[in-house]
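Structure at a glance
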Amino acid sequence: DAKTTQPNSMESNEEEPVHLPCNHSTISGTDYIHWYRQLPSQGPEYVIHGLTSNVNNRMASLAIAEDRKSSTLILHRATLRDAAVYYCILREGYQKVTFGTGTKLQVIP
Amino acid sequence: EPEVTQTPSHQVTQMGQEVILRCVPISNHLYFYWYRQILGQKVEFLVSFYNNEISEKSEIFDDQFSVERPDGSNFTLKIRSTKLEDSAMYFCASREAGHSTDTQYFGPGTRLTVL
């Protein structure tokens, strides 16, 4: 799997937007960018994915750089429930999910 | 919303005993996975299963491990002779066939404690 680089941790104030960065300079043309998160004591949870265009869903937005070497997960209004480890993962097709260490997001009330 | 379920939520066993962890994937999903997470470490892939066969396994998934889909709803992970180092959270995941971007849905996990 192509490698991704994420900050180990980030903080955000509650009800403010959060931008979680991910670098993936060795991404191949067929790699999808997936984001999962893992809330404390829970299983990983799918958040969003994209290939080239920016994507929005009910949980978050994904902004993908034009050269695809980086992406940003955007939580529009962080809540306490968003405190989790966020994983940026590159996947081609039907492969297993390979988790890194992710970014631990702390949301401050 | 459909979800993956796992039982038991916590299993305590003695070293050398056999354990079976159970999962009920989302009903129309055809691809199944097991992952584990040792406390404080990354989530690690163990095995993937499709059409009653293992399609991929990691080096962790040795002869002590086996998987089975005994009926139309359950997917099980068996550890024949548990070791202390098997203590971990075990997550089951499933995905829908034919979904080109392959979103996997994870269960809440079973915490296995080997004494």
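Everything below is about the structure shown above.
This report concerns the structure included in the present document. (Residues numbered from 1 in each chain as written. Chains lettered and ligands numbered in written order. Predicted model: local features only at pLDDT ≥ 70, side-chain atom pairs only at ≥ 80, totals over all residues. Heavy atoms only, no water.)

Scanning chain B from terminus to terminus reveals zero helices and eleven strands. Against the compact-globule benchmark of 13 Å for 115 residues, chain B has a radius of gyration of 13 Å, which places it among compact chains. Considered along the principal axes of its C-alpha atoms, chain B spans approximately 40 × 25 × 25 Å. Sequence separation of at least 24 residues holds for 54% of the intrachain contacts in chain B that already meet a minimum separation of 6. Surface exposure of chain B reaches about 5800 Å², of which carbon and sulfur atoms provide 46%. Charged side chains in chain B number 10 positive and 15 negative. The centres of these two groups are separated by 4 Å. (Helix = DSSP H or I, 4+ residues; strand = E, 2+ residues; numbered from the N terminus. Rg over C-alpha atoms; globule rule 2.2 N^0.38 Å. Contact = heavy atoms within 4.5 Å. Areas by Shrake-Rupley, 256 points an atom, 1.4 Å probe, with all protein chains shown as cover. Lys, Arg positive; Asp, Glu negative; His and termini not counted. Charge placed at Lys NZ, Arg CZ, Asp CG, Glu CD.)

Moving on, we get to the interface of chain A and chain B. Each partner contributes to the interface: chain A provides 20 residues, whereas chain B provides 20 residues. For the chain A and chain B pair, buried surface summed over both sides reaches about 1600 Å², with 54% attributable to carbon and sulfur atoms. When the shortest N-O distance is used, the salt bridge between A:Lys96 and B:Glu56 registers 2.9 Å. For the interface between chain A and chain B, the tally reads four residue pairs in polar contact (both at pLDDT 80 or more). When contributions to the side of chain A that touches chain B are tallied by element, the ones reaching two or more residues are strand 3 (32-38), strand 4 (45-50) and strand 8 (84-91) of chain A. For the side of chain A that touches chain B, the element with the highest residue contribution is strand 3 of chain A, accounting for four residues. (Buried area = accessible area lost by both parts, 1.4 Å probe. Salt bridge = Lys/Arg side-chain N within 4 Å of Asp/Glu carboxyl O. Polar contact = N/O pair within 3.5 Å; in protein donor to acceptor, adjacent residues only side chain to side chain.)

Our next topic: the packing of aromatic side chains. Enumeration over the complete set of coordinates arrives at 14 aromatic pairs over all chains. Measuring from centroid to centroid gives 5.9 Å for A:Tyr36 and A:Tyr46, while their planes differ by 75°, and the two rings are edge-to-face. In this pair, A:Tyr36 sits in strand 3 while A:Tyr46 sits in strand 4, placing the two residues ten residues apart along the sequence. Accessibility expressed as a relative area gives 0% for A:Tyr36, which makes it buried. Exposure remark for A:Tyr46: the relative accessible area of 18% places this residue in the buried category. On the numbers, 5.8 Å between centres and 75° between planes, the contact of A:Phe99 with B:Phe106 is edge-to-face. One end of the pair, A:Phe99, is in the loop between strand 8 and strand 9 (103-108); the other, B:Phe106, is in strand 10 (residues 105-106), on a second chain. One aromatic cluster in this structure is built from A:Tyr36, A:Tyr46, A:Tyr87, A:Phe99, B:Tyr33, B:Tyr35, B:Phe45 and B:Phe106. (Phe/Tyr/Trp six-rings, centres within 6.5 Å; stacked < 30°, edge-to-face > 60°. Buried < 20%, exposed > 50% of the residue type's maximum accessible area, 1.4 Å probe, protein only.)

Residue and element names in this part refer to chain B. Considering the arrangement of structural elements, one finds Phe61 in the loop between strand 6 (53-57) and strand 7 (65-68). The spatial distance from the C-alpha of Phe61 to the C-alpha of Ile79 is 9.7 Å, given a sequence separation of 18 residues. Discounting chain neighbours no more than four positions away, the residues touching Phe61 are Leu46, Val47, Ile54, Ser66, Val67 and Leu77.

With 22 residues, the main nonpolar core has B:Trp34, B:Leu46, B:Phe61, B:Val67, B:Phe75, B:Leu77 and B:Tyr90 as its most contacted residues. Looking at this core, the elements with two or more residues in it are strand 3 (19-24), strand 4 (31-37), strand 5 (43-50), strand 7, strand 8 (75-79), strand 9 (88-95) and strand 11 (110-114) of chain B. In contact with B:Tyr90, other than residues within four places in its own chain, are B:Gln6, B:Leu21, B:Trp34, B:Tyr35, B:Arg36, B:Leu46, B:Phe65, B:Leu77, B:Ile79, B:Gly109, B:Thr110 and B:Leu112. Judged by nonpolar contacts, the second largest core, of 21 residues, contains A:Cys22, A:Ile48, A:Leu73 and A:Leu75. (Core = buried A, V, L, I, M, F, W, Y, C linked by side-chain atoms within 4.5 Å.)

Hydrogen bonds along the backbone pair up the strands of a sheet, which may run parallel or antiparallel. All names here are of chain B. Judged by pairing direction, the sheet is antiparallel, and its four strands sit side by side in the order 1-3-8-7 without closing on themselves. Sheet topology places strand 1 (5-7) and strand 7 at the edges, where each strand pairs with a single neighbour. Pairwise comparison of adjacent strand axes, ignoring direction, gives a mean angle of 20° for this sheet. Direction of pairing for strand 7 relative to strand 8: antiparallel, over a ladder of four bridges. Bridging from a neighbouring strand, Glu68 pairs with Thr76 of strand 8. (Pairing = 2+ DSSP bridges. Axes fitted to C-alpha atoms, helices over the stretch in contact; angles between N-to-C directions.)

All names here are of chain A. Across the sheet, four strands lie side by side as 2-7-6-5; this open sheet has antiparallel pairing. This sheet does not close on itself; its edge strands, each paired only once, are strand 2 (18-23) and strand 5 (55-56). As judged from the six bridges shared by strand 2 and strand 7 (residues 70-75), these two strands associate in the antiparallel manner. Within strand 7, the residue paired with Val18 across the bridge is Leu75.

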